[in-house]
Amino acid sequence: MTGWTNNDRPPVPQGVSGAAREGRGVMPRTGGERSGAPSLLAGIFFCALGGAVASSTLSFVGPAFVGYGYLSVAPTGGLRSRVSCLAATLVPAAALALAGGVSTVVSAVAACLVAVAVCELVAARRLTPGALCATVAVAALALIGADELVALASGTTLSAGIESLLDAYRQQLVDLTGAADQVGAVFAVLGLLWPVAYVMAATASCVSSLVGALVASRAANGTVTRPPLLADFDLPLWVVAVFVASVAGIALALSVDGAVSQVALALSANVAMSVRIALAVQGLAVVAWVARDKGLGPVGTVLVCAAALYLEVQFVVLTIAGLVDVWANFRHLTRGASPSDAGQSMQD
């Protein structure tokens with residue numbers, strides 16, 4: 001037994017490479033065995049964490065955890081993994097949000113379902129800008145409908161409750177500043193466009209889900225489907241048609257009087273402002289494409305996009321750029337291709 005060295009292992013035969021000498025098992029370890037994707041238990045943990053966070057004040061962070069955990073294990077694990085991740089997501093979200101009432105429960109569950117829907121679209125390679133717009137619209141309508149049902153159960157309506165809340169804030173600002181006309185004008189706009197807040201909440205859930213899905217795809221070393229890049233975002237024409245129709249509705253509503261015109265103005269203005277968010281994302285995609293084309297790194301791209309968002313708030317720059325890009329095609333995208341084709345744009 002004197003020939004057995006190195007913790008009682010037999011000596012390495014001649015001709016065996018050094019890589020095999022380093023291995024401690026019977027079979028040599030290969031570099032492709034570890035994909036980087038978490039196990040099913042880890043995926044369930046992240047889904048449960050996302051559901052719990054979605055029921056808190058940091059609800060917009062929850063979909064990121066759900067997106068990471070769900071996309072990492074559910075699409076490749078079959079029905080069992082999907083059901084396990086979905087249950088692990090929804091149960092903590094609903095249980096922890098019960099203290100805040102029905103509206104909080106619906107908001108937390110809706111944010112988690114948005115993350116699941118985004119991950120399923122990514123896994124099926126069907127995540128297009130049109131699908132994202134439809135997901136945001138459905139989520140926003142669900143949130144508005146839930147709050148409306150809660151208001152009706154309390155003997156009032158959602159619009160009446162928001163109007164009374166805005167009146168209270170308006171009176172406080174008038175007492176502090178004394179500028180009744182200016183404050184009244186601002187709150188009149190807020191009273192007209194309050195549904196856009198629900199659209200922004202649904203959009204934040206989608207963006208958070210995409211961040212989690214992107215992290216999951218990069219950590220998995222190619223075993224998880226990667227979501228499309230921002231620079232390839234390209235709106236379908238039907239979204240632009242909805243925007244043009246909403247602008248025409250605003251012009252028509254302002255030219256006539258009556259209760260019907262007020263309803264038409266509110267509907268058209270909210271649709272136009274909601275589609276403006278999509279057009280701003282299109283403009284931001286153009287900025288990201290330019291930054292990538294000029295060779296800017298991740299930090300430089302983030303800084304340029306942050307500056308572009310600031311200009312959007314001040315001068316509506318991104319919205320105009322996105323609207324023009326629909327026809328000008330600044331990025332020279334191949335439009336009309338299947339979203340599953342590699343290297344193609346996110347065009348429906």
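Right above here is the structure, for reference.
Residues numbered from 1 in each chain as written. Predicted model: local features only at pLDDT ≥ 70, side-chain atom pairs only at ≥ 80, totals over all residues. Heavy atoms only, no water.

Just to check I follow, could you spell out the packing of helix 6 (residues 158-177) against helix 7 (residues 180-193) for this structure?
In helix packing, the relevant descriptors are the interaxial angle and the interaxial distance, both defined with respect to the helix axes. Look at helix 6 against helix 7: their axes get within 9 Å of each other, and the N-to-C directions meet at 160°. Taken as axis vectors, helix 6 and helix 7 run roughly antiparallel relative to one another. Every pair of crossing elements has a handedness; the one defined by helix 6 and helix 7 is right-handed. When helix 6 is examined against helix 7, the residues Leu166, Tyr169, Arg170, Leu173, Val174 and Thr177 are found in contact with a partner set consisting of Ala180, Val183, Gly184, Phe187, Leu190 and Gly191. (Axes fitted to C-alpha atoms, helices over the stretch in contact; angles between N-to-C directions. Helix = DSSP H or I, 4+ residues; strand = E, 2+ residues; numbered from the N terminus. Parallel < 35°, antiparallel > 145°, perpendicular 65-115°, else oblique. Left-handed = near helix turned anticlockwise from the far one by under 90°. Contact = heavy atoms within 4.5 Å.)

Is there a simple way to explain the packing of aromatic side chains in this structure?
The description of two aromatic rings rests on the distance between their centres and on the angle between their planes. Evaluation of the coordinates by the stated rule reveals three aromatic pairs. Ring geometry for Phe46 against Tyr68: centres 4.9 Å apart, planes inclined by 80°, an arrangement best described as edge-to-face. Separated by 22 residues along the polypeptide, Phe46 in helix 2 (residues 40-54) and Tyr68 in helix 3 (residues 62-97) bring together distant segments of the chain. Taken together through their ring pairs, the aromatic side chains of Phe45, Phe46 and Tyr68 make up a single cluster. (Phe/Tyr/Trp six-rings, centres within 6.5 Å; stacked < 30°, edge-to-face > 60°.)

How should I be thinking about the side chain of Thr319 in this particular structure?
Following the sequence through the fold, Thr319 ends up in helix 12 (residues 317-328). Given a relative accessible area of 6%, Thr319 falls into the buried group. Contacts of Thr319, omitting those with residues within four sequence positions, involve Arg276, Leu279, Ala280 and Glu312. (Buried < 20%, exposed > 50% of the residue type's maximum accessible area, 1.4 Å probe, protein only.)

For this particular structure, what's the right way to read the packing of helix 9 (residues 237-255) against helix 12?
Orientation of helix 9 relative to helix 12, taken along the N-to-C sense of each, is 130°, at an axis distance of 11 Å. Taken as axis vectors, helix 9 and helix 12 run oblique relative to one another. The handedness of the crossing between helix 9 and helix 12 is left-handed. Residues Leu237, Val240 and Phe243 of helix 9 pack against Leu323, Val326 and Trp327 of helix 12. Classifying every residue of the contact of helix 9 with helix 12 gives six nonpolar, no polar and no charged. (Nonpolar A, V, L, I, M, F, W, Y, C, P; charged D, E, K, R; others polar.)

I'm lost on the pattern of salt bridges in this one. Help?
Where charged atoms of side chains with opposite charge meet at close range, the side chains can pair. Tallied over the entire structure, the rule returns six salt bridges. Asp167 is the partner of Arg170 in a salt bridge, and the nearest nitrogen-oxygen pair spans 3.9 Å. Here the residue Arg170 and the residue Asp167 both occupy positions in helix 6, the gap between them amounting to three residues, near one helical turn. Judged by its relative accessible area of 34%, Asp167 falls in the partly exposed class. Across the salt bridge formed by Arg331 and Asp325, the nearest N and O atoms sit 2.8 Å from each other. One connected set of salt bridges, linked through shared partners, spans Asp234, Asp325 and Arg331. (Salt bridge = Lys/Arg side-chain N within 4 Å of Asp/Glu carboxyl O.)

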